Amino acid sequence: TLPGLTAFPTDANFLFCRLDERFGKASELVTELLQQDQIFVKDCAGKTLPEAEQYFRISSRNEAQNDRLFLALSRILQARQACTVRTPELVNAATL
């Protein structure tokens, strides 16, 4: 498993995945995979489902390509997890 990623069971030759909001939008992940690793995955933002911008689809490939994808996803998600900063609630300055 990868932090921030949920893969849904399927009978097809692809995985339908949801990216947790804390890790950004799926389109950002799709772009990063393509630009940094030349790996194409399908952004599902155009689909008609709630929070479609958080979903993407991965086609299954051979073992070497799947390993390469897993390593790239791991690297990207770990970097995003390290950059995730919890912001404290803002204090209304007028009440001070």
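The structure contained in this document is the topic of the report that follows. (Residues numbered from 1 in each chain as written. Predicted model: local features only at pLDDT ≥ 70, side-chain atom pairs only at ≥ 80, totals over all residues. Heavy atoms only, no water.)

## Re the pattern of salt bridges
Tallying each qualifying case throughout the model produces five salt bridges. Of the charged contacts, one joins E51 and R18 as a salt bridge, the two residues approaching to 2.6 Å between their closest N and O atoms. Separated by 33 residues along the polypeptide, E51 in the loop between strand 3 (42-43) and strand 4 (55-59) and R18 in strand 2 (residues 14-19) bring together distant segments of the chain. For E51, a relative accessible area of 41% gives the class partly exposed. On the accessibility criterion, R18 (15% relative accessible area) is buried. Ionic pairing is found between R22 and D20, a salt bridge with its closest N-O pair at 3.0 Å. The exposed category is assigned to R22, whose relative accessible area is 51%. One salt-bridge network, in which partners are shared between bridges, spans R18, E21 and E51. (Salt bridge = Lys/Arg side-chain N within 4 Å of Asp/Glu carboxyl O. Helix = DSSP H or I, 4+ residues; strand = E, 2+ residues; numbered from the N terminus. Buried < 20%, exposed > 50% of the residue type's maximum accessible area, 1.4 Å probe, protein only.)

## Quick notes on the packing of helix 1 (residues 26-37) against helix 2 (residues 63-83)
At a minimum axis distance of 11 Å, the contact between helix 1 and helix 2 shows a crossing angle of 120°. What the angle tells us is that helix 1 and helix 2 run oblique. Between helix 1 and helix 2 the crossing geometry is right-handed. Side by side, helix 1 and helix 2 meet where E28, L29, E32, L33, Q36 and D37 of the first sit next to R68, L69, A72, L73, R75, I76 and R80 of the second. Per-class residue counts for the contact of helix 1 with helix 2 are six nonpolar, one polar and six charged. (Axes fitted to C-alpha atoms, helices over the stretch in contact; angles between N-to-C directions. Parallel < 35°, antiparallel > 145°, perpendicular 65-115°, else oblique. Left-handed = near helix turned anticlockwise from the far one by under 90°. Contact = heavy atoms within 4.5 Å. Nonpolar A, V, L, I, M, F, W, Y, C, P; charged D, E, K, R; others polar.)

## Topic: unusual backbone geometry
With phi around 55°, Q38 is a residue other than glycine that occupies positive phi space. At E51, a position not held by glycine, the phi torsion is positive, near 55°.

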